[in-house]
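In case you want the letters, here they are:
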Amino acid sequence: MKIIPMEEAEIATVGTKGQVVIPLQIRKKLGIKPKTKLAMYSKQGRLVAAKVEAPTLDDELGGLFREVDQRYKRKKRPTEGEILAEIQAHRKENRSASGA
């Protein structure tokens with residue numbers, strides 16, 4: 001069995017609703033703030049939490065909005081349906097490029 005050195009453990013208690021408060025020092029060190037998403041899973045009898053880095057909507061769609069603005073520079077503005085279709089195509093392209 002490989003032993004992985006860990007920092008000094010801090011104790012957290014599970015509340016009646018199954019909630020766990022992550023100790024302040026750990027939250028600060030990992031940049032965990034309210035609304036931060038965590039992936040939770042068990043591995044070899046241990047609870048593992050990993051911070052999920054998801055792009056903001058602005059990050060995800062900023063390039064698309066610039067592209068749409070360029071494409072429709074001197075033309076009539078796109079309809080809501082056209083915008084939604086572009087967003088869906090953009091997301092599909094990003095998923096296939098990232099292998100998701």
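In the block above lies the structure referred to throughout.
From a predicted model like this one, the values you see are computed outputs, not experimental measurements.

What counts, and where the lines are drawn
Residues numbered from 1 in each chain as written. Predicted model: local features only at pLDDT ≥ 70, side-chain atom pairs only at ≥ 80, totals over all residues. Heavy atoms only, no water. Core = buried A, V, L, I, M, F, W, Y, C linked by side-chain atoms within 4.5 Å. Buried < 20%, exposed > 50% of the residue type's maximum accessible area, 1.4 Å probe, protein only. Helix = DSSP H or I, 4+ residues; strand = E, 2+ residues; numbered from the N terminus.

### Some points on the nonpolar core
When a protein is soluble and globular, its nonpolar side chains tend to lie buried together. Counting five residues, the largest nonpolar core consists of Leu61, Leu64, Val68, Tyr72 and Ile87. It is helix α2 (residues 57-71) that contributes the most residues to this core, three residues altogether.

### Notes on unusual backbone geometry
Positive phi is not limited to glycine here, since Lys35 has a value of about 80 degrees. Of the residues examined, Lys35 reaches a relative accessible area of 79% and is grouped as exposed. Residue Gln44 is not a glycine yet carries a positive backbone phi of 50 degrees. Turning to its location among the elements, Gln44 is positioned in the loop between β1 (38-43) and β2 (46-51).

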